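# Geometric and topological summary
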Amino acid sequence: MAKSSADDEELRRACEAAIEGTKQKVVMMIRVAKSRGIWGKSGKLGNNMAKPRVLTLSTKAKAQLSKAFLRVLKYSTGGVLEDRT
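These numbers were taken from a predicted model, which means no experiment stands behind them. Along every chain, residues carry numbers that run from 1 in the direction the sequence is written. Local features in a predicted model are, by the rule used here, given only for residues with pLDDT of at least 70; side-chain atom pairs are given and counted only at 80 or more, and totals for whole chains, interfaces and linings are based on all residues. As a rule here, side-chain values cover all heavy atoms of the structure and leave hydrogens and water aside.

## Thoughts on the overall build of the protein chain
Quick reminder of the rule: Note on conventions: DSSP H or I runs of at least 4 residues are helices, E runs of at least 2 residues are strands, and numbering of each starts at the N terminus. Whether a residue is buried, partly exposed or exposed follows from its accessible area with a 1.4 Å probe, protein chains only, as a fraction of its type maximum: under 20%, in between, or over 50%, in that order. The contact criterion used throughout is that any non-hydrogen atoms of two residues lie within 4.5 Å. Residue exposure ignores everything except the shown protein chains as possible cover, and the areas themselves are Shrake-Rupley values with a 1.4 Å probe.
A tally of helices and strands in the protein chain yields 1 helix and 4 strands. What you see in the protein chain, going N to C, is helices and strands ordered as α-β-β-β-β. Burial analysis of the protein chain (85 residues in total) assigns 15% to the buried set. At a minimum sequence separation of 6, the contacts of the protein chain that also span at least 24 residues come to 40%. Of the roughly 7,000 Å² that the protein chain leaves accessible, carbon and sulfur atoms contribute 55%.

The structure is reproduced here in structure tokens:
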């Protein structure tokens, strides 16, 4: 199911705000859901909700050298994306 471009722009702004101060440029971002899957079964029942995450691919350029960074961003309690590092 395709999302609107307004959602894409909102996600891009949130990702850029989360990595602010690193001098990196966001290239691509993907919303994903982290779950335990079949191998992560535990004795707890009812705590099997997927945790939303955002994978962000960003680049940093220095002269002729470019570096790529893959970041995992999570939503805080206030609904704001924050870097897990």
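## Quick look at the nonpolar core
The criterion, for reference: What is meant by a nonpolar core is a set of buried Ala, Val, Leu, Ile, Met, Phe, Trp, Tyr and Cys residues, joined one to another through side-chain atoms within 4.5 Å.
Counting residues in each nonpolar core, the largest one holds 8 residues, listed as Leu11, Cys15, Ile19, Val26, Met29, Val54, Leu73 and Leu81. Only helix H1 (5–18) and strand E1 (25–34) provide two or more residues apiece to this core. Those residues in contact with Leu73 that lie beyond four places of it in its chain are Cys15, Ala18, Arg53, Val54, Thr56, Leu81, Glu82 and Asp83.

## Concerning the confidence of the model for the protein chain
Note the cut-off: pLDDT expresses, on a scale from 0 to 100, how confident the predictor is about each individual residue.
When the pLDDT values of the protein chain are averaged, the result is 80; 76% of them are 70 or greater. Across the protein chain, strand E3 (residues 65–75) holds the top mean pLDDT of 91, while strand E4 (residues 81–83) sits lowest at 82.

## Quick look at the sheet that holds strand E2 (residues 51–62)
The criterion, for reference: Each pair of strands is called paired provided DSSP finds at least two bridges between the two strands. Axes here refer to lines fitted to C-alpha atoms; in helices the fit is confined to the stretch in contact. Angles between the N-to-C directions go from 0 to 180 degrees.
If you trace the 4 strands from one edge of the open sheet to the other, you get E1-E2-E3-E4, paired in antiparallel fashion. The sheet is open, and its two edges are formed by E1 and E4, each paired on a single side. Between one strand axis and the next, the sheet turns by 30 degrees as a mean value, whatever way the strands run. In the sheet, E3 pairs with E4 via 3 bridges, with the strands oriented antiparallel. Bridge pairing links Leu73 to Asp83 in E4.

## Regarding a nonpolar patch on the surface
Just so we agree on the cut-off: To count toward a patch, a residue needs a relative accessible area above 30% and no salt bridge. Like charges then connect within 9 Å, nonpolar side chains (Val, Leu, Ile, Met, Phe, Trp, Tyr) within 5 Å. Counted as salt bridges are all cases of a side-chain nitrogen of Lys or Arg within 4 Å of a carboxyl oxygen of Asp or Glu.
A cluster of nonpolar side chains, contributed by Val27, Met28, Ile30, Val32, Leu57 and Leu70, occupies part of the molecular surface with about 490 Å² of accessible area. Looking at the nonpolar patch, the element that brings in the most residues is E1, giving 4 residues. Take Met28: it is sitting in strand E1. Met28 gets classed as partly exposed once you look at its relative accessible area, which sits at 41%.

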